[in-house]
Amino acid sequence: MSASGTAVPATVGPTARCGVAATARGGWWGFLGATVNAVFGYALVALVTRALGAYGAGAVFTGVAVFTILSNACKLGADTGLVRFVSRDVATGGGRQVGALLRTAVVPGAVVSTGAAALLFLSPSTATSLLPNLTPQDAVTLVRLFALFLPLATVTLILLGATQGYGTVIALVGVEQIGKPVLRVLIAVPVALLAPGVLSLAAAWLVPALGGALVAWYAVRRCRRTRPGQPCGPDTAVTRHGFWAFAAPRAISSVFDISAVWVGVILVSSLATSEEAGIYTAVGRVVVAATLLQLAIRLAVAPEISRLLAMEQHQSARDLHRISTRWIVLFSWPLLVFLVSFPGTVLSLFGPEFVAGSDALVVLCVAAAVNVGVGNAQTVLLMAGKSSWHLAVTGAAFAVQLGVGLLAVPRWGALGAAVSWGAAIVVENVVSAALVRRHPGFCVVDGGYLLAAGAGLLLTAAVVLPARLLAGDTTVGLAVAMTTGFSLFGISLWRFRTPLGVRELVGVLRERAT
């Protein structure tokens, strides 16, 4: 595939085609998982909010926010380190150092997460400050319940990073995006019907972590037994110092990454109301669902970029980044156009009180469009070994989010949190794209990208906006817009399937069917 997006087999070697095919295959798995995760995550939020109202839901998801931030912080960046170093070792050394890498990564994460859990047990004041709207006893019990599962969740994430380094996303998708979300809903349904409460529904969210840990452990063993890799070059020794020199900055930046998603919930819960926190959580779920393809491609592209760079196939890595970004833009921007045009209708599915988050949804969708537009620039930075650069970028973005949030949330509630997160998203992605363009020389804008932008944004907007103007932000307007928009979009995909890179995506499915 050339820079213009046309098929030029003579200029693309088998290594590049292999990387594109692997990313497309992993992207389909990731897309399936992200879709299931979004649907069941949406269902869980709707179930909890309808069972407890915005007030109770805000308390549950504040606990989820703290748990998610801590579990991602306690893994110390080891999961991303394993993605990078395992993929490089499999490509250049046949996977001979994976055992040592696992010991280097897992033990510190387990120790730190256990210590953090103990601190939560011994600090009831932390619980009451995070959940001021609950009774002190309920707040302490809720936080301690989450603390019990913290080490288990942390080690699971680290082990799944190792499986991703082997070039497969099946374990990660199966545990984090399909298994846990589905089990949470299946457990929460009878709980909501028979014993609805903040503590019982929080427990329903946590229990699937037990099964996830077992599956992750088995998946690592299976990868090491059945997919050891074939030596392709000289063995490259990886020391603990080298691993943690990369992982340590990532450990901090991962805290910024996950905090960016959840800190708004905590700020709104602490500085506004639990009702606003519940509304903001629902808005965030919708935005994440709209960018699920980007998340799916990110899972698949990371080990491939690392592998290609380790083998010094720099042009192949650049081509892979361009093509994958084209896919992300093509399929994500149309969804964002629909959400910006019909925010009230989409949020009303959670309940009538959530329509108040329409402005917040619009703000985050605009920021998400920038995120989608630069592709997985941050992943490229990490797989190129620039974890310190990534730390600087995420740190600056988080400072923007926290500063704006402290000023805006007390005045505007959920909208203020959306403004602060949106500003951080724009800063982080624009700076990351500039750094990636500088080193290692990755650029996404070419003829295929512009065509994808035209089909994904301009063409969709030209169909959707008239439906919004005529029917308003209503179910009828959304139905008309989706019918006409997706029909025209499908025709465009077929007409320009080669320069848009759709052939690669469909080709993987055809290969698996034959």
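Residues numbered from 1 in each chain as written. Predicted model: local features only at pLDDT ≥ 70, side-chain atom pairs only at ≥ 80, totals over all residues. Heavy atoms only, no water.

A. The overall build of the protein chain, seen in detail. Across its full length, the protein chain holds 21 helices and zero strands. In the protein chain, 84% of the contacts between residues at least 6 apart in sequence involve partners at least 24 apart. For the protein chain, the exposed surface amounts to about 20,300 Å²; the carbon and sulfur share of it is 69%. (Helix = DSSP H or I, 4+ residues; strand = E, 2+ residues; numbered from the N terminus. Contact = heavy atoms within 4.5 Å. Areas by Shrake-Rupley, 256 points an atom, 1.4 Å probe, with all protein chains shown as cover.)

B. Just the environment of Leu142, in detail. By the secondary structure assignment, Leu142 is in helix α5 (residues 136–148). Spatially, the C-alpha atoms of Leu142 and Gly63 are 7.2 Å apart, while their sequence positions differ by 79 residues. With sequence-adjacent residues up to four places away left out, Leu142 is seen in contact with Ala59, Leu131, Leu134, Val198, Leu199 and Ala202.

C. Representation of the packing of helix α15 (residues 358–373) against helix α18 (residues 414–438) within the structure. At a minimum axis separation of 9 Å, α15 and α18 run at an interaxial angle of 5°. Judged by the angle between their axes, α15 and α18 are roughly parallel. On α18, the residues that touch Asp359, Ala360, Val363, Leu364, Ala367, Val370 and Asn371 of α15 are Ala414, Leu415, Ala418, Val419, Trp421, Gly422, Ile425, Val426, Asn429 and Val430. Residue classes in the contact of α15 with α18 are distributed as 13 nonpolar, three polar and one charged. (Axes fitted to C-alpha atoms, helices over the stretch in contact; angles between N-to-C directions. Parallel < 35°, antiparallel > 145°, perpendicular 65-115°, else oblique. Nonpolar A, V, L, I, M, F, W, Y, C, P; charged D, E, K, R; others polar.)

D. Molecular detail of the packing of aromatic side chains. Evaluated as defined, the whole model comprises eight aromatic pairs. Centre to centre, the rings of Phe67 and Trp205 are 5.6 Å apart; their planes meet at 90°, and the pair counts as edge-to-face. Here the residue Phe67 occupies a position in helix α1 (residues 14–74), and Trp205 occupies one in helix α8 (residues 198–206), the gap between them amounting to 138 residues. Per residue, the accessibility class of Phe67 equals that of Trp205, and both read buried. Pairwise contacts between aromatic rings join Phe85, Phe243, Trp244 and Phe246 into one cluster. Lys386 extends its terminal NZ or CZ atom over the ring of Trp389, reaching a point 4.9 Å from the ring centre. (Phe/Tyr/Trp six-rings, centres within 6.5 Å; stacked < 30°, edge-to-face > 60°. Buried < 20%, exposed > 50% of the residue type's maximum accessible area, 1.4 Å probe, protein only. Lys NZ or Arg CZ within 6 Å of the ring centre and 35° of its normal.)

E. Just the pattern of salt bridges, in detail. One pass over the structure, following the stated rule, counts five salt bridges. Two residues, Arg250 and Asp257, come together in a salt bridge whose shortest N-O distance is 2.7 Å. (Salt bridge = Lys/Arg side-chain N within 4 Å of Asp/Glu carboxyl O.)

F. Looking closely at helix α3 (residues 98–121). Taking 1.5 Å of rise per residue, 24 residues should cover 34 Å, and α3 covers 35 Å from first to last C-alpha, within 8% of that figure. When α3 is considered as a whole, its buried residues turn out to be Val98, Gly99, Leu101, Leu102, Thr104, Ala105, Val106, Gly109, Ser113, Ala116, Ala117 and Leu120. (Expected span 1.5 Å × (residues − 1).)

G. Local environment of helix α7 (residues 170–194). If you check α7, its first and last C-alpha atoms are 34 Å apart, about what 25 residues at 1.5 Å a residue would give, namely 36 Å. The largest bend in α7 is about 35°, located at Gly179, with the proline Pro181 one to four residues further on. Among the residues of α7, Ala171, Leu172, Val173, Val175, Gln177, Lys180, Pro181, Arg184, Val185, Ala188, Val191 and Ala192 are the ones counted as buried. (Bend = angle between axes of the 7 residues up to and from the residue.)

H. How the structure looks around the packing of α3 against α5. Between α3 and α5, whose axes approach to 9 Å, the crossing angle comes to 165°. By the angle class used here, α3 and α5 are roughly antiparallel. Judged by the sense of rotation from one axis to the other, the crossing of α3 with α5 is left-handed. On the side of α3, the interface is formed by Ala117, Leu120 and Phe121, while α5 contributes Val143, Arg144, Ala147 and Leu148. Looking at side-chain class alone, the contact of α3 with α5 contains six nonpolar, no polar and one charged residues. (Left-handed = near helix turned anticlockwise from the far one by under 90°.)

I. Representation of a nonpolar patch on the surface in the model. Taken together, the side chains of Trp29, Leu32 and Ile170 define a hydrophobic patch exposed on the protein surface, amounting to about 260 Å² of accessible area. Counting through the fold element by element, Leu32 comes out in helix α1. For Leu32, a relative accessible area of 41% translates into the label partly exposed. (Patch = residues over 30% accessible without salt bridge, like charges linked within 9 Å, V, L, I, M, F, W, Y side chains within 5 Å.)

J. Geometry of unusual backbone geometry. Residue Leu76 is not a glycine yet carries a positive backbone phi of 60°. Mapped onto the secondary structure, Leu76 falls in the loop between α1 and α2 (78–93). Judged by its relative accessible area of 21%, Leu76 falls in the partly exposed class.

K. Up close: the environment of Val362. Of note, Val362 is situated in helix α15. Taking the relative accessible area as the measure of exposure, Val362 reaches 25% and is therefore partly exposed. Leave out the neighbours within four places in its chain, and Val362 touches Val340 and Pro343.

L. Looking closely at the environment of Leu201. By the secondary structure assignment, Leu201 is in helix α8. Sequence-wise, Leu201 and Leu44 are 157 residues apart; in three dimensions their C-alpha atoms are separated by 9.8 Å. With near-sequence residues (within four places) excluded, Leu201 lies in contact with Val48, Ala51, Leu52, Ala188, Val191 and Ala192.

M. Structural detail: the confidence of the model for the protein chain. Confidence along the protein chain averages 80 in pLDDT terms, with 86% of residues attaining 70 or more. Predicted confidence is poor over residues 507–514, with pLDDT under 50, and the contacts of this stretch with residues over four places away or in other chains come to eight contacts. (pLDDT = per-residue confidence, 0-100.)

N. Fine view of the side chain of Thr68. Relative to the assigned elements, Thr68 resides in helix α1. Among the polar contacts made by the side chain of Thr68, one reaches the main-chain carbonyl oxygen of Val64 at a distance of 2.7 Å. With near-sequence residues (within four places) excluded, Thr68 lies in contact with Trp205, Ile258 and Trp262. (Polar contact = N/O pair within 3.5 Å; in protein donor to acceptor, adjacent residues only side chain to side chain.)

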